[in-house]
Structures are given as structure tokens and as C-alpha cells.
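Here are the chains, one letter per residue:
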Amino acid sequence: MPLLQLRQITLKYSSAPLLDEVDFQVDAGERICLLGRNGAGKTSLMRIITGEETPNDGEIIRPDSAVMTRLIQEIPDDIKGTVHEVIHSGLRPDRHEEEWETDIRIEELVAEMGLPAEHEFSALSGGLKRRVLLARALAGQPDILLLDEPTNHLDLDSILWLEKFLLESKTTLFFVTHDRAFLRKLATRIVELDRGRLTSWACDYDTYLERKAASLDAEEKQWAAFDKKLAQEEAWLRQGVKARRTRNEGRVRALQSMRKERGERRQREGTARIELQTGSMSGQKVIEAKEINFSYDGTPIVRDFTTTVWRGDKIGIIGPNGGGKTTLLKLLLGQLTPDSGTVKLGTNMQVVYLDQLRGQIDNAKTVAQNVAGDAETVTFQGRPRHIHSYLQDFLFRADRIRMPAKMLSGGERNRLLLARLFLQPANVLVMDEPTNDLDAETLELLEEILLEYTGTLLLVSHDRAFLDNVVTSTLVFEGTGLITEYTGGYEDWIRQRAAKPVHFREILAEPKPEPKLAPAPVARKGTKFPKKEQRELADLPATIEAWETEKTALSARLWEPDLYQKSPDLVPKLKAELAALDEKIKIGYARWEELEEKRKASDESA
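Figured I'd write up the structure that's included with this text. (Residues numbered from 1 in each chain as written. Predicted model: local features only at pLDDT ≥ 70, side-chain atom pairs only at ≥ 80, totals over all residues. Heavy atoms only, no water.)

1. Remarks on the sheet that holds strand β11 (residues 299–310)
On the basis of which strands lie adjacent, the open sheet formed by 3 strands has the order β11-β10-β13 and antiparallel pairing. Single-partner strands in this sheet number two, and they are β11 and β13 (340–345). In this sheet, adjacent strand axes meet at a mean angle of 15° when their direction is disregarded. With 8 bridges joining them, strand β10 (residues 285–296) and β11 adopt antiparallel strand pairing. If you follow Tyr296 over to β11, its bridge partner there is Thr299. Along the sheet, helix α9 (residues 325–332) makes contact with β10, β11 and β13, crossing β11 at roughly 50°. (Pairing = 2+ DSSP bridges. Helix = DSSP H or I, 4+ residues; strand = E, 2+ residues; numbered from the N terminus. Axes fitted to C-alpha atoms, helices over the stretch in contact; angles between N-to-C directions. Contact = heavy atoms within 4.5 Å.)

2. What about the packing of aromatic side chains?
For the structure on display, the rule yields 8 aromatic pairs. Residues Trp201 and Tyr208 carry aromatic rings whose centres are separated by 5.5 Å and whose planes lie at 80° to one another, so their mutual orientation is edge-to-face. Summarising the burial analysis for this pair, Trp201 and Tyr208 share the class buried. An angle of 70° between the planes, with centres 5.8 Å apart, marks the rings of Tyr490 and Trp493 as edge-to-face. (Phe/Tyr/Trp six-rings, centres within 6.5 Å; stacked < 30°, edge-to-face > 60°. Buried < 20%, exposed > 50% of the residue type's maximum accessible area, 1.4 Å probe, protein only.)

3. Here's the deal with the pattern of salt bridges
Applying the stated rule across the entire model yields 19 salt bridges. Between Glu168 and Lys164 there is a salt bridge, with the nearest N and O atoms lying 3.1 Å from each other. On the criterion of helical spacing, the pair formed by Glu168 and Lys164 is a turn pair, its members being 4 residues apart in helix α5 (residues 156–169). On the basis of relative accessible area, Glu168 is assigned to the exposed category, the value being 52%. Overall, Lys164 belongs to the exposed group, its relative accessible area being 51%. Two residues, Arg195 and Asp194, come together in a salt bridge whose shortest N-O distance is 2.9 Å. (Salt bridge = Lys/Arg side-chain N within 4 Å of Asp/Glu carboxyl O.)

Written as C-alpha cells, this is what we have:
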């Protein structure tokens, strides 16, 4: 018997229903992923399943004893007590169990999830709080567990743990996620909510994308044929019905039916037309950090870290929540001063920062006011645009542009922040978890924009697919204050870590120090600067410039989306060449400094 059946469910707040006579069924053991655009009604459907919301029409069939538990996106502010008490509150009062049975179950959940049972819930990090809330939901042994964006604000280690836990728990799942790697790993079936209709796709995510594209193409062709027929019938009617024969009366009735069908057609919401306003060109060397250290209350956050960020680099940053990712960004941008070491910023930097908490949005102001203040126009790419036209590019309907920002969904808040920030010209773009709550189409469009972006990108993200598709190198926190740089994205990092699973909190061993260049010999008084080294010093700038040009061309090729589709086997080779060039350039600059020191010492001794 199915755990849940929905029959002809309709939910309507306006003329266009969110759910339009929806039929749906969930069987035990399924892991179903619900897809749909922001605002399509995904959360409303979940609320109907759990009984939190009542549809306008239709029938919900579930066994009398069935329990549906929903884990919401937001962490409630009113939860009090210890971790053990919070989990215990999730037990079902209708189940008559012995106290020792429930105690054992709670202890097992606490152990499996690595939770501090006696700690106050309010004192935990966001990631740990979500684990506690998941444990509370599981304590009641729900027949269906509904998860709304479960990976939001979790670090990568927590996401990997959650994937493994859900796969092994055999719980029936109905979940919404923007994380494509998470979706691919867990989903046994995909359902999509589009224009009030729910469609089931019994396939994996990549096959769904192909079938969905074919379905939309067929729909467009069908509509085009229908519209052509309608236009022909309208032209016939305008000529006048020549005789009141039954055949003509039937044709008029058929035309009226076609008009009604055309009027009820729900057009698919347009694709976002997001653009990034690129600033003027920055200097070639954007950021140079040398042996920087930073501690907080005696705990090392960044330790002996050295890197150079060049114009056009797209750098991903991976690490545990609270591990120092935001601190590292602030150090690199000069917003924090390191305890030791130096950070030099390049010339003509125009920095735009998207923060993880979306704190730049004023909930009391309207959507339009958050972007344009009280003005009716904004300036984009040097031209004035009406605020309504600009926000419609970010998929804000006219009826939502004047509403308070506090009424927006998570995905809409993210799009609003992008609309606000992308008005500012930028040659250094800093993004802290930009993918949270975005629907799949907006996410893919953002990927394309960042691939084409010619400035410098610093990206903090837990989205493995997004990192793989966008960044050219990755900085990874691999211990207390230890940061290692890798070429490529998440999968490249895993391969370079010898393809073994990595959990941040389990990496305790000190990494082996990288080999350092031998120090330049100190010139003694009377020592001459050899002619051979004079020629080498004279040639080095041109040689390094040639390597830089080659690196830019190679990086540009790696940013081409077609490369990953048409020649995927070539990607590892090109990335290896890029890594070799990076090493050449690094050694070249070191040699240049060494020779300059020797030349200066020779001049002083002369």
C-alpha cells in the first residue's frame, strides 16, 4: 500500500493555481527529489503533505497511523534546552514505547550524528543545529521525511555525512535541493512542479535534463501549430460565415473552444537574463600574501599561508563551518590585518562582495527600494533602465517588485542580492555561498556568467558541481589553520588527495612542508655579478610575460563550456599544463628576486 496518495489536489491563491489538479503517490523506500522554480509552490506542496496546509480541492490518502515530518529551511529561534532534550521532543506520543527503548534510540542518534548531548542548543553552530533538528525529526521514526534544502549552510563535511546517513537509514524521503551532486547521489525518482502541474520522471538527473529539454521543445512545436491553426480560423471568421449550415456553426463553436484553450494556456516563466557589470581592468597581480598568520583567542585560523592571486583567476575556497573561510577572505582583501606576514593588494581593484547571510538586504524596504532606493531608474552598462524592467530580468514579477523584502523566499532573496550587487562595476568578485536557494536554471545561468567573467573571482561554496564547473583552482582548509592550494575544482582536489574520502575534522596530521628554493648565496664584498646571470636577469621579464600570456590563453580555453562537452578527455591534460605553467611562473619570479638581490649586492660591493 502506498504511504501517500494525492488525488486531484488544487491549491489557489490567485487566478493561476499553484497546484492544478495534481495526482501524486509515494511508495515506501523511495527517495524523491522535488524540482521547480523559486515560487512554483514546492514548499506549499510539502505543507499539504504534512497537513500544515489545506488544499482548495482534492483528496489526500494516507494510512491512519502514517507520520509525515518536515524539516524546514530556517532554524527556529524559539527552541530551548539541551541537545538531548530537543531530540527527545521529537518522540511521538501516540507510540506506546518503553522508556529504555526511546533512550537507546536517542543515544544511537546522538552517537551517529556526533552531537554534544548536554550542550545547549542555542550555543551550537548553524550546521550542528541542523543536525540536531534532523535527529529530532528521525527520533519520531516518520514514515516520510520531508527535507527542504537540507544542505543549506552545511559545510562539505556535513553534506558528505548527511548523504551517507540518508543512504544507509533507508528512510523514505521527499526532498527539495539545489545541490546537484546531492540530488544525483540520493534521488531514486524526480518529480517536477511546473505551472501547477506535477510530472514524474523515473530516471536519474542527467537523463531528466535531456528528457525535459525534449519535452519543452515538443511543447513549443505543438503550441506553434495550434497558434497557426487558430490564426487561420480567425481569418476565416473575419471573412464572414457565408451560409448558416450546421458545418459552419460547428466550426464557429470549435473556434470558440480554441480561443478558450489559448486563453487558459500558462506560459512558461521566462529565463532570467542576469548580466554582470564588469569594471575596468585591475593590475596583473591582484593579491600577494606571504607567510600570513592569524589567530583568534589563541586558536590558529590561518597559518603560514602564501599565495598569489592573478587577474582572471577563479579560486574556490573549501572548509568546515567556523574553520576560517570568511576570515581568509577578509585577510586577502585587506579588511583584517594578519598577526604576521604581509598582504599586498594590486592596483585599480573594484571589489563586490556577496555575503552568505544576505545581510545587505533591508527587510523593511520593498524589493525595488533595496536596489534603487527611491529612484525609478538604475544605471546599468552606462544606460538608464527602469527598475521594473531591470528586476524582471531577475524574474521578479510586477506584483512582487513593490512588496517588502521580508516576504521573499530564500531563492528570491538571493536573486535580489544578485540584482543589487551586479549594478556595481567589479573586477574582483567575492561570493560567499552564492548558490543557496537558487533554482536549477538560475544556478546554471550564474555558472555561465562566471565562466565568461574576465575579472577575478573568490568563491566560497559547498556546492561540489558548482565548484567543478566554475573554478580553476581551490584553497582547502586541511587542518587547524593549514590551507593547501590545488589545481581545479572539488573532483580535482579529491583525485589529488589520492582519491580517498576526506573529512575535515579527521585531518589532524601535519602535511609535509613543500620544498623551498635554496636561498641565494650572499655576495661578498668584491664579488662581481657574472655575465651569464646578467643575461638571465635581462631575459627573465620577457620569459615570464610569455608564460603569463600562455597561461591566460590556456585558462580562457578551460573556461569554454563546449570543451567539457565535446572534448572532456582533453580537460585533465590542459589542467596539468596550467599547473605546470603556474609552477614555472612561481619559480621564475623567485629566480628574478634572487638575481636582483645578487645584482644589488654586487653593485654595493663594487
